[in-house]
Amino acid sequence: MTLLNYLDHRFLGGRNVSLIKLPFGAGQKKAGVEEAPEYIMNSGVDKDLKKLGYNVEVVDVPELKKAPAEEGPSSKQLYRPLYVSTACQRAKNVIAGELSKGSAVVNIGGDHSLGIATVSAVQEVHPTSCLLWIDAHADINTPDSSPSGNLHGCPVSLVLGYAKPVPPEFEWVKTCIDSGRVAYIGLRDVDPGERMLLRQHNIPFFTMHHVDKYGIGRVVEMAMAAINPDNLRPTHLSVDVDSVDPSIVPATGTRVKGGLTFREIMYICEAVAETRTLVALDVVEVNPLLSDKEGCESTISVARSVIRTSFGLQLV
Ligand SMILES: [Mn+2]
C-alpha cells in the first residue's frame, strides 16, 4: 500500500519544505502577533514535517522588523505603510528564493499584511498558481475603502491591482494574480467596499452560510473547481487562524463568532494535500498575548495541525 503523503507532488521534484519565520505585526495595531513564529516553531512543526518524510529548513528574514526612520506619505490614511511595505519586500525576496530552489514554503506569521509578500513571491516563481484564502475576513479593502487603515485588511486588493491609486509605498507590488485564480472560504465579517469588489469581480467566495448549507466537502470541491480545475495549477493556501471558531482559536486579533470547526479546517487542509499541488502555505494572525494559557495552547495546536495536515498527515 502506498501512503498518500508519499505520492509525487505534481509540480515539485523533491520533498523539501522551508519553514519561514515572519515575526511581523505592523499590519494591525495589537501587540503580540509578531511573537507567534517562536510559539508555533516550539510546538514542533519541524519534527512533524520530518516525520512525514520531508527535508526541513528553518529560515529567517534578515532585518524583517527593522523599522524605517520615518513613515511614508500615506501614513495619514494607513497605519505604518512604509514599515509594512519594507518588511513585505524583505519577506518576499526570501520566500521567492526558497521557492526558486524547488522547495515548498510555510510562511509563519505574523499578521496577514504579509500576504502581500507571500502572494507576490508565489506568483513570481509559480505564475500560474491559484490562491485559496481561508479567513473570517476578505482582506480585500483598498487603502481608500479600509475603515481601520490596517494593512492586514488590504493584501488581496494590492496583489489583484484593485488599489487605485496605489499608495507610493506599495508601487513595487505587481498586479500578479487575477480574480479567476482566487477563492475564499470562511467569510463572515466583510466590509461594504469589500462586498462590492467581490461581487463586481465575480470572485468565488464561500461564507460560513455556504459551509452550513453545502457542507465543507462540497464547498472545498466548488472552490477548487473554480480556481484549480483538474489540479493543473500549483496551489497557495493562505490560512488566517481567525477563520476557525474563537472557541478553539481565541488567541487572535479579530475574533468573529460562528467560524470553522476543527474538523472543517482540517478537511480543507486534507483536501488540498490530496491535490498534491501545494507549493505555499501561510499560517497567520496567531497572537499568543490575547488569550490565557489554555486558549493560547489551543490556538497554537490548531496552527500546528494546519501545517502537518496540509503536508499530508492523514487520520489513518
Ligand atoms: Mn486575514
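Residues numbered from 1 in each chain as written. Predicted model: local features only at pLDDT ≥ 70, side-chain atom pairs only at ≥ 80, totals over all residues. Heavy atoms only, no water.

(A) Highlighting the overall build of the protein chain. Each helix and strand in the protein chain was counted, giving 10 helices and 8 strands. The globule rule puts the C-alpha radius of gyration for 316 residues at 20 Å, and the 18 Å found for the protein chain is close to it. With respect to the three principal axes, the spread of C-alpha positions in the protein chain is 60 × 40 × 40 Å. The buried share among the 316 residues of the protein chain stands at 59%. (Helix = DSSP H or I, 4+ residues; strand = E, 2+ residues; numbered from the N terminus. Rg over C-alpha atoms; globule rule 2.2 N^0.38 Å. Buried < 20%, exposed > 50% of the residue type's maximum accessible area, 1.4 Å probe, protein only.)

(B) Broad picture of the coordination of the manganese ion. Donor atoms from the polypeptide that coordinate the manganese ion comprise His112 (ND1), Asp135 (OD), Asp139 (OD) and Asp240 (OD), at 2.0 to 2.3 Å from the metal. Positions of the donor residues of the manganese ion along the chain correspond to the pattern H-x22-D-x3-D-x100-D. You can call Asp135 buried: its relative accessible area is 0%. (Donors = N, O, S within 2.8 Å, 3.2 Å for Na, K, Ca; no water.)

(C) Expanded view of the pairing of strand β7 (residues 235-240). Within β7, 6 of the 6 residues are buried, leaving the element largely enclosed by the surrounding structure. Residue alternation in β7 divides its side chains into two sets, Thr235, Leu237 and Val239 and His236, Ser238 and Asp240, and both sets are buried. Here strand β4 (residues 130-134) pairs with β7 via 5 bridges, running parallel. In the strand pairing of β7, Cys130 is matched with Thr235. Bridge count between β7 and strand β8 (residues 278-284): 6 bridges; the pairing is parallel. Paired with Thr235 across the two strands is Leu278, which belongs to β8. (Pairing = 2+ DSSP bridges.)

(D) Quick look at helix α10 (residues 293-310). For α10, built from 18 residues, the straight-helix expectation of 26 Å at 1.5 Å per residue is met to within 8% by its first-to-last C-alpha distance of 26 Å. When α10 is considered as a whole, its buried residues turn out to be Gly295, Cys296, Thr299, Ile300, Val302, Ala303, Ser305, Val306, Ile307, Thr309 and Ser310. Where α10 is buried, its residues contact α1 (36-42), α2 (45-51), β3 (104-109), β7, α9 (262-275) and β8. Looking at the residues trailing α10, positive phi occurs at Gly312, about 110°. (Expected span 1.5 Å × (residues − 1). Contact = heavy atoms within 4.5 Å.)

(E) Structural detail: unusual backbone geometry. Across the junction of Gly109 and Gly110, the peptide omega takes the value 10°, indicating a cis bond. Of note, Gly110 is situated in the loop between β3 and α4 (115-125). With an omega dihedral of -5°, the bond running from Lys164 to Pro165 counts as a cis peptide bond. Mapping Pro165 onto the fold places it in the loop between α5 (155-160) and β5 (182-187). Despite not being glycine, Glu63 shows a phi value in the positive range, around 60°. Structurally, Glu63 can be placed in the loop between β2 (55-60) and α3 (81-100). Look at Glu63 and you get partly exposed, because its relative accessible area is 47%.

(F) Layout of the nonpolar core. In terms of nonpolar packing, the biggest core is built from 100 residues, with Leu132, Ile140, Ile185, Ile268 and Leu281 touching the most fellow members. The dominant element in this core, judged by the number of residues it contributes, is α3, at 9 residues. Apart from residues no more than four positions distant in its own chain, Ile185 is found in contact with Leu132, Trp133, Ile134, Asp135, Phe206, Val211, Ile216, Val219, Val220, Ala223 and Ile268. (Core = buried A, V, L, I, M, F, W, Y, C linked by side-chain atoms within 4.5 Å.)

(G) Broad picture of the sheet that holds β7. The 8 strands lie next to each other as β2-β1-β3-β8-β7-β4-β5-β6, forming an open sheet whose pairing is parallel. With partners counted over all chains shown, the strands left at the sheet margins are β2 and β6 (205-207), one partner each. Averaged over all pairs of adjacent strands, the angle between strand axes in this sheet comes to 15°, irrespective of strand direction. Against the sheet, α10 contacts β3, β7 and β8, and its axis sits at roughly 175° relative to β8. (Axes fitted to C-alpha atoms, helices over the stretch in contact; angles between N-to-C directions.)

(H) Spatial organisation of the pattern of salt bridges. Applying the stated criterion to the full structure yields 12 salt bridges. Note that Lys21 and Asp60 form a salt bridge whose closest N and O atoms lie 3.6 Å from each other. Here the residue Lys21 occupies a position in strand β1 (residues 16-22), and Asp60 occupies one in strand β2, the gap between them amounting to 39 residues. The exposure class of Lys21 is buried, given its relative accessible area of 14%. Across the pair Glu98 and Lys101 runs a salt bridge, and its minimum N-O distance is 3.1 Å. Connected via shared salt-bridge partners are Lys21, Glu38 and Asp60. (Salt bridge = Lys/Arg side-chain N within 4 Å of Asp/Glu carboxyl O.)

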